[in-house]
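One letter stands for each residue in the lines below.
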Amino acid sequence: MENVKESTNVKQQHESNVNEAENFDTFMKAMVQVVEKYGRFVLQELDCVA
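Conventions we followed
- Residues numbered from 1 in each chain as written.
- Predicted model: local features only at pLDDT ≥ 70, side-chain atom pairs only at ≥ 80, totals over all residues.
- Heavy atoms only, no water.
- Helix = DSSP H or I, 4+ residues; strand = E, 2+ residues; numbered from the N terminus.
- Buried < 20%, exposed > 50% of the residue type's maximum accessible area, 1.4 Å probe, protein only.
- Areas by Shrake-Rupley, 256 points an atom, 1.4 Å probe, with all protein chains shown as cover.
- Patch = residues over 30% accessible without salt bridge, like charges linked within 9 Å, V, L, I, M, F, W, Y side chains within 5 Å.
- Salt bridge = Lys/Arg side-chain N within 4 Å of Asp/Glu carboxyl O.

## Some points on the overall build of the chain
Piece 1. Along its length, the chain carries one helix and zero strands.
Piece 2. Taking all 50 residues of the chain together, the buried fraction comes to 2%.
Piece 3. Split by element, the accessible area of the chain, about 5000 Å² in all, is 57% carbon and sulfur.

## Considerations on a nonpolar patch on the surface
Piece 1. On the surface, Val34, Tyr38, Phe41, Val42, Leu43 and Leu46 cluster together into a nonpolar patch covering about 600 Å² of accessible area.
Piece 2. Note on placement: Leu46 falls in helix α1 (residues 2–49).

What follows is the structure, encoded as structure tokens:
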């Protein structure tokens, strides 16, 4: 019975890790898009301030 519980816990941890990896990849893709879209503008604004 405990082996079944341990097996279930391991599966849940693996699924959790996969979900976290997918969430991180989605977040990083969104951040890359933001930097690609606004990066040049922000750098120009910072250059004007300096």
